[in-house]
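So you can see what is in the structure, the chains are spelled out below.
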Amino acid sequence: MNVLIVGSGGREHAIAYCVAKSHKADKIYCTPGNAGIAEYAQCEPIGAMEFDKIVAFAKEKDIDLVIVGMDDPLVGGLVDELEAAGIRTFGPRKNAAILEGSKAFSKDLMKKYHIPTAAYENFDDPDKAIQYLKTEAKFPIVLKADGLALGKGVLICNTLEEAEEGVKTIMLDKKFGASGNTMVIEEFMTGREVSVLSFVDGNIVKTMTSAQDHKRAGDGDTGLNTGGMGTFSPSPFYTEEVDAFCQKYIFQPTVDAMKAEGRPFKGVIFFGLMLTEEGPKVLEYNARFGDPEAQVVLPRMKNDIIDVAEACIDGTLDQIDLQFEDNAAVCVVLASEGYPVSYEKGLPITGLDEFKKHEGYYCFHAGTKEADGQIVTNGGRVLGITAKGKDLKEARANAYAATEWVQFDNKYMRHDIGKAIDEA
């Protein structure tokens, strides 16, 4: 088969790694790709939102399967355009990707179908939002831009003053663009966060192994929110009891709800959960593999990713016995100093060849490119260093050891990824 992957980050590199392992994959392409993905795939400089060019390229190369990694093209309807051209595509159509594309839609869906989540109100008028904050809100409180905001459109406000400033940031200053035309005000939940990725074929859901992300830029969960500074899998807090509850009251009901709404979901649903004292609740949905969660979950998957993707497209996921290795993985993101605000690009990276010498170690490229025959930094998050181990402690030690193999001038990382493992 000829396979095309759409995206350019560490998540797409992890997908490409899995596709390359498949006995079904003959030729792999990626648009636009990055320097690491180029090891497995022919990368073409076509942007993820250039739908016409992607469709034309897929036709030209006789692509048998497209895997869309990124949220923007999914929410924008790339799957619909590829399917209209007769090209099999793994990922939700536009009317299902709204599950991630609109926080207001997903909150209303959960309310209607009694899926556990935080109490909330939606606002498209900033004055009404501020009135609500003054009269009814309990602090701390959470403000969320309705649309996509690269994982950064969420503000936690401890006081009314902070919340009023937050309304201004999201709805008036439009810091997150049109994503802030509507805003969700949500109760602040406390507990452990857990991410559960799942394959969905429109009718049933099969969950992958759990993971936990670290969003803040600095050690001890300090600093600004980022796209993710590291992750580990599985989460020791995601117990069999928690799983049983989520399967019954969250995972399958979400798939059933989307089907009932005439928006059957095929692809990956990422369930962002909060394990509260009252039980698990949904923090957010994503309509694709998480990044960097994919970098710890996919290397542990035993199945052929193409088999699973095709089963989701064909509605035959019930025939797949989804299996994961009985081990653990930790990913530490190597970022550019100054991320997520401002940072230098174009710095040479050394030590990448070391990973080929070691089993169970991976270096997934997030923001890299090739320049004059050398791989250089090309983003805020540069590399995801992933390592396996028999348990989380060993995987964590392995991952941090492997971060020393790679050097570039403004290399920055958190030193406490997976520290919560010690408390489990």
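Above this text you will find the structure in question.
Residues numbered from 1 in each chain as written. Predicted model: local features only at pLDDT ≥ 70, side-chain atom pairs only at ≥ 80, totals over all residues. Heavy atoms only, no water.

Undergrad: Would you take a moment to explain the side chain of His365 for this structure?
TA: Tracing the backbone shows His365 in strand 18 (residues 361–365). By relative accessible area, which is 6% here, His365 ends up buried. (Helix = DSSP H or I, 4+ residues; strand = E, 2+ residues; numbered from the N terminus. Buried < 20%, exposed > 50% of the residue type's maximum accessible area, 1.4 Å probe, protein only.)

Undergrad: How do you make sense of empty space enclosed by the protein when you look at a structure like this?
TA: Empty space among the atoms becomes apparent when a probe as large as a water molecule is rolled across them. Summed over all chains, the structure comprises two cavities of 30 Å³ or more. When its volume is computed, the largest cavity comes out at roughly 50 Å³. Class assignment of the residues belonging to the lining of the largest cavity gives a composition of nine nonpolar, two polar and one charged. Taken as a whole, the second largest cavity holds about 50 Å³ of empty space. Around the second largest cavity, the lining residues are Leu99, Glu100, Lys103, Ser106, Lys107, Met110, Lys144, Leu283, Glu284 and Tyr285. Elements supplying a minimum of two residues to the lining of the second largest cavity: helix 5 (94–101), helix 6 (103–112) and strand 16 (279–286). Examining the composition of the lining of the second largest cavity, we find that four residues originate from one element, helix 6, more than from any other. (1 Å grid on protein atoms, 1.4 Å probe; cavity = no way out; pocket = protein on both sides within 12 Å on 5 of 7 lines; lining within 4 Å. Points joined across faces, edges and corners; volume = space filled by probe spheres on them. Nonpolar A, V, L, I, M, F, W, Y, C, P; charged D, E, K, R; others polar.)

Undergrad: Just checking my understanding: could you explain helix 11 (residues 305–314) for this structure?
TA: Residue pairs three or four apart in sequence face the same way in an α-helix, which turns once every 3.6 residues. The element helix 11 is extensively covered by neighbouring structure, given that eight of its 10 residues are classed as buried. Within the span of helix 11, buried status applies to Ile305, Ile306, Val308, Ala309, Glu310, Ala311, Cys312 and Ile313. If you follow the buried residues of helix 11, they end up packed against strand 1 (2–7), helix 1 (10–21), strand 4 (65–68), strand 5 (89–90), strand 10 (192–201) and strand 15 (266–276). Sitting at the head of helix 11, Asp304 places a side-chain oxygen 2.8 Å from the backbone nitrogen of Ile306. Gly315 sits one or two residues past helix 11 and shows a positive phi near 75 degrees. (Contact = heavy atoms within 4.5 Å. Polar contact = N/O pair within 3.5 Å; in protein donor to acceptor, adjacent residues only side chain to side chain.)

Undergrad: What is the right way to look at the environment of Gly223 in this model?
TA: Along the chain, Gly223 turns up in strand 13 (residues 222–225). Taking relative accessible area as the criterion, Gly223 reaches 46% and is therefore assigned partly exposed. For the pair Gly223 and Pro340, spaced 117 residues apart in sequence, the C-alpha separation works out to 9.7 Å. Leaving out residues up to four positions away in the same chain, Gly223 has contacts with Arg216 and Ala217.

Undergrad: It is not clear to me how the packing of aromatic side chains should be interpreted in this structure. Could you clarify?
TA: What describes a pair of aromatic rings is the distance from one ring centre to the other and the angle between the planes of the rings. A full pass over the atoms with the stated rule returns 14 aromatic pairs. Measuring from ring centre to ring centre gives 4.5 Å for Phe251 and Phe271, while their planes differ by 45 degrees; the resulting arrangement is tilted. Of this pair, Phe251 sits in helix 9 (residues 240–260) while Phe271 sits in strand 15, and the two are 20 residues apart along the sequence. What makes Phe251 buried here is its relative accessible area of 0%. Judged by relative accessible area, which is 0%, Phe271 ranks as buried. Both rings, one in Tyr361 and one in Trp405, keep their centres 5.1 Å apart while their planes meet at 40 degrees; by these two values the pair is tilted. Of the two residues, Tyr361 sits in strand 18 while Trp405 sits in the loop between helix 12 (392–403) and strand 22 (411–412), which places them 44 residues apart along the sequence. Classification of Trp405 as partly exposed rests on a relative accessible area of 22%. Through a chain of ring-to-ring contacts, the aromatic side chains of Tyr17, Tyr40, Tyr362 and Phe364 assemble into a single cluster. (Phe/Tyr/Trp six-rings, centres within 6.5 Å; stacked < 30°, edge-to-face > 60°.)

Undergrad: Is there a simple way to explain the pattern of salt bridges in this structure?
TA: Close approach of charged atoms allows side chains of opposite charge to pair. For the coordinates displayed, the defined rule picks out 22 salt bridges. Connected through shared salt-bridge partners, Lys24, Arg88, Asp307, Glu310 and Asp314 make up one network. (Salt bridge = Lys/Arg side-chain N within 4 Å of Asp/Glu carboxyl O.)

Undergrad: Can you walk me through the pairing of strand 19 (residues 368–371) in this structure?
TA: Consecutive side chains along a regular strand alternate between the two faces of the sheet. Bridge count for strand 19 against strand 20 (residues 374–377) is four bridges, and the pairing is antiparallel. Looking at strand 20, one finds that Thr368 is bridged to Thr377. Counting the residues that bridge the hairpin from strand 19 to strand 20 gives two residues, and of these Asp372 lies at a positive phi of roughly 55 degrees. (Pairing = 2+ DSSP bridges.)

Undergrad: Mind showing me how you'd approach the sheet that holds strand 9 (residues 183–187) here?
TA: Within a sheet, neighbouring strands are paired by backbone hydrogen bonds and run either parallel or antiparallel to one another. Across the sheet, four strands lie side by side as 6-9-7-8; this open sheet has antiparallel pairing. The sheet is open, and its two edges are formed by strand 6 (120–123) and strand 8 (154–157), each paired on a single side. Neighbour-to-neighbour, the strand axes of this sheet turn through a mean angle of 20 degrees, independent of strand direction. With four bridges connecting them, strand 7 (residues 141–145) and strand 8 associate as antiparallel partners. Pairing of Val142 across the sheet is with Ile156, part of strand 8. Set on the sheet, helix 6 makes contact with strand 6, strand 7 and strand 9; between it and strand 6 the angle comes to about 140 degrees. (Axes fitted to C-alpha atoms, helices over the stretch in contact; angles between N-to-C directions.)

Undergrad: Got a minute to help me understand the layout of surface pockets in this structure?
TA: Quantified by volume, the second largest pocket comes out at close to 490 Å³. Sorting the residues of the lining of the second largest pocket by element identifies helix 1 and strand 18 as the ones contributing at least two each. Looking at the lining of the second largest pocket, the element that brings in the most residues is strand 18, giving five residues. For the lining of the second largest pocket, a count of residues per class yields 10 nonpolar, five polar and five charged.

Undergrad: What exactly am I supposed to notice about the packing of helix 5 against helix 6 here?
TA: Each pair of packed helices gets described by two things: the angle between the helix axes and the distance between those axes. Relative orientation of the contacting elements helix 5 and helix 6 amounts to 95 degrees, with a least axis distance of 6 Å. Comparing the axis directions of helix 5 and helix 6 gives the class roughly perpendicular. Contacts between helix 5 and helix 6 involve Ile98, Leu99 and Gly101 from the first element and Lys103, Phe105, Ser106 and Leu109 from the second. The residue inventory of the contact of helix 5 with helix 6, partitioned by class, reads four nonpolar, two polar and one charged. (Parallel < 35°, antiparallel > 145°, perpendicular 65-115°, else oblique.)

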